[in-house]
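# Observations on the model geometry
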Amino acid sequence: MHPADAKAILALKKIPGFNYLVRKYMEYGGESLYRGQNLANHVKVYEDNFPALYRVFKETVTALGIDEPELYVYNDPYINAYTYGETRTFIAISSGAVETLSPDELKGVLAHECGHIVCHHTFYNTLLYSLVELADSFKGIPYMLFGPLVLALQYWSRRSELSADRCATSIVGAQAYQKVLAKLASGMKSFKPNGKELLNQAYEYHDIIEGSLWGKIQQNCQVAFQSHPQLCERAYEVDRWSKSCRYRQSRIRVC
Amino acid sequence: MIVDSNLSFLQYCSNDELKTLCDTLTHDNKGEVRLSEQLTDNDVYLRCYPDNMKGMWQEIAAELQRFGGNTFANIFRGGVGASYESILRDVCKKMKVRIPSCSTVEEIEIALLTKYCEETIGSMDIDLLHELSVEIGIKPQSYNKQIVAAAILVALRRGGGKVLAPVIYYIGSNISRILIGRGVYLATAGVLGRAAAALAGPIGWALTAGWLAFDIASPAYRVTVPAVIQVACMRLKHNSHFLTAQCV
């Protein structure tokens with residue numbers, strides 16, 4: 001788990017009644033809402049209908065040693081995936097991701113989502129995404145009601161992505177995962193990344209942030225309402241993690 | 001980090017000892033990362049933890065200094081904390097350990113460890129006290145807990161570091177081990193920790209009771225008190241090895 005993620009979760013838990021609120025939300029349908037949506041509009045993945053995807057998924061789950069969550073494919077040209085649920089977790093992956101990414105890259109995406117499950121992020125994620133979806137549906141009213149909570153959850157969510165990235169990196173290796181991030185940035189099937197593009201951009205990006213206070217404020221405001229950190233930041237963090245002792249240990253375990 | 005000769009011996013300590021000290025600084029007794037720690041997201045920490053702790057002894061020392069210093073004072077010092085000696089004196093003041101103002105760091109640490117051992121001995125049962133007294137060369141004539149405990153305490157006060165070292169090594173195979181036990185408990189969230197606690201047995205319980213006397217409310221002291229005790233134990237061990245090597 002990334003320390004920033006662990007600290008953000010601790011800070012969230014310190015909000016009085018927060019865990020109670022999330023638990024009640026899950027109990028009263030937060031989880032079943034998304035499961036219903038999956039069953040209604042997405043295609044559940046089995047060995048028979050998506051053999052290649054299922055094989056990659058099975059390998060990922062086995063490597064991580066977790067119970068197999070349900071896997072769905074949904075219709076979306078963008079490369080994306082998400083995971084929700086606490087007692088009955090599921091992963092949904094976009095058709096764009098399945099068609100654009102190679103098996104190794106797909107494994108990286110699935111390992112990232114499994115990382116969220118391993119770190120129990122789904123507990124808070126489900127509430128966050130419900131609030132964001134409500135905000136989209138009712139044109140910002142929930143933002144007015146729950147503004148600070150949404151911002152706090154978004155802040156945590158950005159850090160939770162770093163933990164999930166660490167998990168994915170441990171499964172597929174740093175270079176392979178850097179390529180996934182580059183593909184996510186470009187969205188092109190024909191693009192053959194070398195795995196260093198985003199990392200090099202990250203150094204330039206840091207120059208902007210560290211160059212001036214105004215630059216720092218600008219970039220922080222840009223991500224304040226986003227659930228994911230900037231892709232180059234993620235590439236930078238993956239690179240740092242790949243130099244760690246624990247990364248090497250986890251790679252030895254997986255390989 | 002402030003160049004601190006009192007912490008430079010850390011570079012000669014073992015990987016396990018440094019890891020214990022590092023865990024004490026970065027995680028609380030529930031295994032959760034401390035909100036105010038600045039070590040776990042450090043590049044050197046990522047490279048060295050947990051197998052090459054000697055490579056990050058300076059970062060560990062700096063983190064201890066930061067925890068020991070007042071937050072605002074640290075800012076004015078340019079992000080560096082207080083000297084180890086001032087942290088140690090502060091801890092002793094909090095623990096009500098009386099020390100003369102001219103004492104050296106080693107002497108202050110001995111006084112602190114003696115107080116710690118006294119707390120622990122007070123909560124040990126008679127069988128353990130008998131074992132401990134034999135270990136440090138006292139032949140107990142009585143089977144009364146108070147008398148045996150008093151005999152050990154007198155030996156401890158008169159013998160200073162000479163008696164303190166075997167007492168510390170004996171009590172739960174030294175304080176580091178109980179701290180590692182806590183560390184194991186943190187890291188594995190339950191099963192191994194319970195096994196470690198069961199292995200530690202009554203000695204472990206006695207040590208924990210002694211420990212609890214030091215486990216005080218203030219957040220900064222929750223870090224500096226165990227960390228300073230750990231550093232004191234490490235120095236005691238390091239110095240005894242150094243002396244043995246010189247004698248040979």
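Refer to the structure above for everything that follows.
Rules of the game
- Residues numbered from 1 in each chain as written.
- Chains lettered and ligands numbered in written order.
- Predicted model: local features only at pLDDT ≥ 70, side-chain atom pairs only at ≥ 80, totals over all residues.
- Heavy atoms only, no water.
- Buried < 20%, exposed > 50% of the residue type's maximum accessible area, 1.4 Å probe, protein only.
- Helix = DSSP H or I, 4+ residues; strand = E, 2+ residues; numbered from the N terminus.
- Disulfide = S-S within 2.5 Å.
- Core = buried A, V, L, I, M, F, W, Y, C linked by side-chain atoms within 4.5 Å.
- Contact = heavy atoms within 4.5 Å.
- Phe/Tyr/Trp six-rings, centres within 6.5 Å; stacked < 30°, edge-to-face > 60°.
- Lys NZ or Arg CZ within 6 Å of the ring centre and 35° of its normal.
- Buried area = accessible area lost by both parts, 1.4 Å probe.
- Salt bridge = Lys/Arg side-chain N within 4 Å of Asp/Glu carboxyl O.
- Polar contact = N/O pair within 3.5 Å; in protein donor to acceptor, adjacent residues only side chain to side chain.
- Nonpolar A, V, L, I, M, F, W, Y, C, P; charged D, E, K, R; others polar.
- Expected span 1.5 Å × (residues − 1).
- Patch = residues over 30% accessible without salt bridge, like charges linked within 9 Å, V, L, I, M, F, W, Y side chains within 5 Å.
- Areas by Shrake-Rupley, 256 points an atom, 1.4 Å probe, with all protein chains shown as cover.
- Lys, Arg positive; Asp, Glu negative; His and termini not counted.
- Charge placed at Lys NZ, Arg CZ, Asp CG, Glu CD.
- Axes fitted to C-alpha atoms, helices over the stretch in contact; angles between N-to-C directions.
- Left-handed = near helix turned anticlockwise from the far one by under 90°.
- Pairing = 2+ DSSP bridges.

### What about the pairing of strand E4 (residues 90-94) of chain A?
In summary, the side chains of a regular strand alternate between the two faces of the sheet. Burial runs high along E4 of chain A: 5 of the 5 residues are buried. Burial of E4 of chain A is two-sided: the residues Phe90, Ala92 and Ser94 of chain A facing one way and the residues Ile91 and Ile93 of chain A facing the other way are all buried.

### A few points about the state of the cysteines
Going through the model one piece at a time under the given rule, you end up with 0 disulfides over all chains. Sulfur of cysteine 119 of chain A: no disulfide; nearest cysteine sulfur belongs to cysteine 167 of chain A and is 6.6 Å away.

### Some thoughts on the nonpolar core
Here is a general trend for soluble globular proteins: nonpolar side chains tend to be buried in one another's company. In this structure, Leu10, Met56, Ile60, Leu112 and Ile121 of chain B are the most contacted members of the largest nonpolar core, which totals 60 residues. The element best represented in this core is helix H12 (residues 219-247) of chain B, accounting for 11 residues. Setting aside chain neighbours within four positions, we find isoleucine 60 of chain B in contact with Leu18, Leu21, Cys22, Leu25, Leu39 and Met53 of chain B. If you look at the next biggest cluster of nonpolar residues, it comprises 39 residues, including Val109, Cys114, Val180 and Ala182 of chain A.

### Examining the packing of aromatic side chains
All names here are of chain A. Applying the stated criterion to the full structure yields 9 aromatic pairs over all chains. When the ring of tyrosine 203 is compared with that of tyrosine 236, the centres are 6.0 Å apart and the planes differ by 90 degrees; the resulting orientation is edge-to-face. Residue tyrosine 203 is found in helix H9 (residues 197-211), and its partner tyrosine 236 is found in helix H11 (residues 231-242); the two are separated by 33 residues along the sequence. These aromatic residues form a ring-pair network of at least three members: Tyr34, Tyr72, Tyr74, Tyr82, Tyr84 and Phe90. Over the aromatic face of tyrosine 155 sits the side chain of arginine 159, whose NZ or CZ is 3.9 Å from the ring centroid.

### Topic: the interface of chain B and chain A
Facing 16 residues of chain B, the contacting portion of chain A comprises 16 residues. Carbon and sulfur atoms supply 55% of the area that chain B and chain A bury against each other, a total of about 1400 Å² over both sides. Residues lysine 7 of chain A and glutamate 37 of chain B are paired through a salt bridge, measuring 3.0 Å at the closest nitrogen-oxygen approach. Summed over the shared surface of chain B and chain A, the result is 5 residue pairs in polar contact (both at pLDDT 80 or more). The residue makeup of the side of chain B that touches chain A, split by class, is 7 nonpolar, 2 polar and 7 charged.

### Thoughts on helix H6 (residues 105-122) of chain B
Over its 18 residues, H6 of chain B runs 26 Å from end to end, which matches the ideal 26 Å to within 8%, given 1.5 Å per residue. Taken residue by residue, H6 of chain B has Val105, Ile108, Glu109, Leu112, Leu113, Thr114, Tyr116, Cys117, Thr120 and Ile121 of chain B as its buried positions.

### A short note on unusual backbone geometry
Residues tyrosine 49 of chain B and proline 50 of chain B are joined by a peptide bond in cis, for which omega reads 0 degrees. A positive phi angle, near 60 degrees, is found at histidine 120 of chain A, a position not held by glycine. Despite not being glycine, lysine 96 of chain B shows a phi value in the positive range, around 60 degrees. Along the chain, lysine 96 of chain B turns up in the loop between helix H5 (84-94) and H6. A relative accessible area of 67% places lysine 96 of chain B in the exposed class.

### Section: a negative patch on the surface
All names here are of chain B. A cluster of like negative charges, contributed by Asp125, Asp127, Glu131 and Glu135, occupies part of the molecular surface. You can see aspartate 127 is positioned in helix H7 (residues 126-135). Assessed through its relative accessible area of 42%, aspartate 127 is described here as partly exposed.

### Re the side chain of arginine 158 of chain A
Residues and elements named next belong to chain A. Mapped onto the elements of the fold, arginine 158 is located in helix H7 (residues 141-172). Despite its burial, arginine 158 remains without a salt bridge, the nearest opposite charge being carried by glutamate 233 at 9.9 Å. At 2.9 Å, the side chain of arginine 158 and the backbone oxygen of glutamine 226 are in polar contact. Contacts of arginine 158, omitting those with residues within four sequence positions, involve Val223, Ala224, Phe225, Gln226, Ser227, His228 and Pro229.

### So, the pattern of salt bridges
With the rule as written, the count across this model stands at 16 salt bridges over all chains. Its salt-bridge partner being lysine 58 of chain A, residue glutamate 68 of chain A comes within 2.9 Å of it at the nearest N-O pair. Of this pair, glutamate 68 of chain A sits in the loop between helix H3 (51-64) and strand E2 (70-74) while lysine 58 of chain A sits in helix H3, placing them 10 residues apart in sequence. Here glutamate 68 of chain A falls in the partly exposed class, since its relative accessible area comes to 36%. On the basis of relative accessible area, lysine 58 of chain A is assigned to the partly exposed category, the value being 37%. One salt bridge in this structure joins arginine 240 of chain A and aspartate 43 of chain B, with 2.5 Å as the shortest N-O distance. Residue arginine 240 of chain A is found in helix H11, and its partner aspartate 43 of chain B is found in helix H2 (residues 43-48); the two belong to separate chains. Residue arginine 240 of chain A is classed as buried on the basis of its relative accessible area, which comes to 10%. Judged by relative accessible area, aspartate 43 of chain B falls into the partly exposed class, the value being 36%.

### So, the packing of helix H1 (residues 15-26) of chain B against helix H3 (residues 57-68) of chain B
All names here are of chain B. One way to put it is that H1 packs onto H3 with a least axis distance of 10 Å and a crossing angle of 35 degrees. Viewed along their axes, H1 and H3 form a crossing whose handedness is left-handed. Counted together, Leu18, Leu21, Cys22 and Leu25 of H1 and Ile60, Glu63, Leu64 and Phe67 of H3 form the full contact between these two elements.

### Remarks on the sheet that holds E4 of chain A
Residue and element names in this part refer to chain A. With mixed pairing, the 4 strands of this open sheet are ordered in space as E1-E2-E4-E3. Single-partner strands in this sheet number two, and they are strand E1 (43-44) and strand E3 (81-84). When E1 meets E2, the two strands line up antiparallel, connected through 2 bridges. Following the sheet pairing, valine 43 is matched in E2 by valine 73.

Function cannot be inferred from these measures alone, as they are strictly geometric.
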